[in-house]
Amino acid sequence: MGLREDHRRDKEQRILAAAESLFHERGFEATTTREIAQRAEIATGTLFLYAKNKEELLLLIWRDRIEAVVEQAFAKLPAAPLPQQIAAIFSAFLDFYAKDVALARVYVRELLFPGEKSESTSYTFAFLQRLQQLLEEAERRTELQPDLPLPLLSANLFGSYVMLLIGWLNGSVPEDQLRPLLLASLELQLQGLTPHGAAR
């Protein structure tokens, strides 16, 4: 069983490496699953045992990297007011996406409009839980009023980020305005939710 699992993992890594290199060389849309299978030296049918389409392959490629971005962002939270802490977390995503905006468009599209039984839904839910924990810590520090609906607040803050992210990816929000707008949006949402009525 161990050898079989090792063989499967090795084949998956070959597929993901082939897909990633082709996405960079040819672009996501121009790359075909047949080309990915050929480069990975497997049958096309075998590829579909690991992923049902190119979008799922991209999710698999970026899965570990996105998790690393999340862990690093939460580990390096600045000693700053809550809006700036949340902005720092979202900025870590933006920095990662900026490395390949074309692939980021595909990845974000899959996150927002996942197919049936897509793992992307669980990724988003797990992140929202981490964000909610940050809000709970702020509540304990009295940076937020007690008894706020923190799951809803977490989703609302994420929604503000997503709207600006979409605007940046579709070209309607210039990159040099992205982070200032993000912080201003977070401060506006949190204003009035602190004991003193200000989020700064």
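Because the structure is predicted, anything quoted here is derived from the model rather than measured. (Residues numbered from 1 in each chain as written. Predicted model: local features only at pLDDT ≥ 70, side-chain atom pairs only at ≥ 80, totals over all residues. Heavy atoms only, no water.)

The N-to-C vectors of helix H5 (residues 82–97) and helix H8 (residues 150–169) enclose an angle of 30°; their axes lie 11 Å apart at closest approach. Between H5 and H8, the angle is such that the two are roughly parallel. Of the two elements, H5 crosses H8, and the hand of that crossing is right-handed. On H8, the residues that touch Ile-86, Phe-90, Phe-93, Leu-94 and Tyr-97 of H5 are Leu-157, Phe-158, Tyr-161, Leu-165 and Trp-168. (Axes fitted to C-alpha atoms, helices over the stretch in contact; angles between N-to-C directions. Helix = DSSP H or I, 4+ residues; strand = E, 2+ residues; numbered from the N terminus. Parallel < 35°, antiparallel > 145°, perpendicular 65-115°, else oblique. Left-handed = near helix turned anticlockwise from the far one by under 90°. Contact = heavy atoms within 4.5 Å.)

Our next topic: the nonpolar core. Core analysis: the largest hydrophobic core is formed by 65 residues, its most contacted members being Trp-62, Ile-86, Phe-90, Phe-93, Tyr-97 and Tyr-161. Only helix H1 (2–26), helix H2 (33–40), helix H4 (54–75), H5, helix H6 (101–112), helix H7 (120–140), H8 and helix H9 (175–190) provide two or more residues apiece to this core. Considering every element that reaches this core, the biggest residue donor is H4, with 11 residues. Those residues in contact with Tyr-97, other than ones at most four positions away along the chain, are Trp-62, Ile-66, Ala-104, Tyr-107, Val-108, Leu-111, Tyr-161, Leu-165 and Trp-168. (Core = buried A, V, L, I, M, F, W, Y, C linked by side-chain atoms within 4.5 Å. Buried < 20%, exposed > 50% of the residue type's maximum accessible area, 1.4 Å probe, protein only.)

For the pair H4 and H6, interaxial distance at closest approach is 10 Å and the crossing angle is 95°. Taken together, H4 and H6 sit at an angle that is classed as roughly perpendicular. Within the contact between the two elements, H4 uses Glu-55, Leu-58, Leu-59, Trp-62 and Ile-66 and H6 uses Leu-103, Ala-104, Val-106, Tyr-107, Arg-109, Glu-110 and Leu-111. The residue makeup of the contact of H4 with H6, split by class, is nine nonpolar, no polar and three charged. (Nonpolar A, V, L, I, M, F, W, Y, C, P; charged D, E, K, R; others polar.)

Here we come to the confidence of the model for the protein chain. Overall, the predicted model of the protein chain reaches an average pLDDT of 90, with 93% of residues at or above 70. Least confident of the elements in the protein chain is H1, whose mean pLDDT is 87; most confident is H8, at 97. (pLDDT = per-residue confidence, 0-100.)

The subject of this paragraph is unusual backbone geometry. Although it is not a glycine, Glu-41 adopts a positive phi angle of roughly 60°. Following the sequence through the fold, Glu-41 ends up in the loop between H2 and helix H3 (44–47). A positive phi angle, near 65°, is found at Asp-147, a position not held by glycine. Secondary-structure assignment places Asp-147 in the loop between H7 and H8.

Secondary-structure assignment places Gly-192 in the segment after H9. Placed 169 residues apart in sequence, Gly-192 and Phe-23 show a C-alpha to C-alpha distance of 45 Å.

With that settled, the discussion passes to the packing of aromatic side chains. Summed over all chains, the structure comprises 15 aromatic pairs. Measuring from ring centre to ring centre gives 6.4 Å for Phe-90 and Phe-158, while their planes differ by 50°; the resulting arrangement is tilted. In this pair, Phe-90 is assigned in helix H5 and Phe-158 in helix H8, connecting sequence segments 68 residues apart. Classification of Phe-90 as buried rests on a relative accessible area of 0%. Overall, Phe-158 belongs to the buried group, its relative accessible area being 17%. Three or more aromatic residues joined by ring pairs form one cluster here, namely Trp-62, Phe-74, Phe-90, Phe-93, Phe-96, Tyr-97, Tyr-107, Phe-127, Phe-158 and Tyr-161. Positioned above the aromatic ring of Phe-28 is the side chain of Lys-54, whose terminal nitrogen or guanidinium carbon lies 4.7 Å from the ring centre. The side chain of Arg-130 reaches across the aromatic face of Phe-74, ending 4.3 Å from its centre. (Phe/Tyr/Trp six-rings, centres within 6.5 Å; stacked < 30°, edge-to-face > 60°. Lys NZ or Arg CZ within 6 Å of the ring centre and 35° of its normal.)

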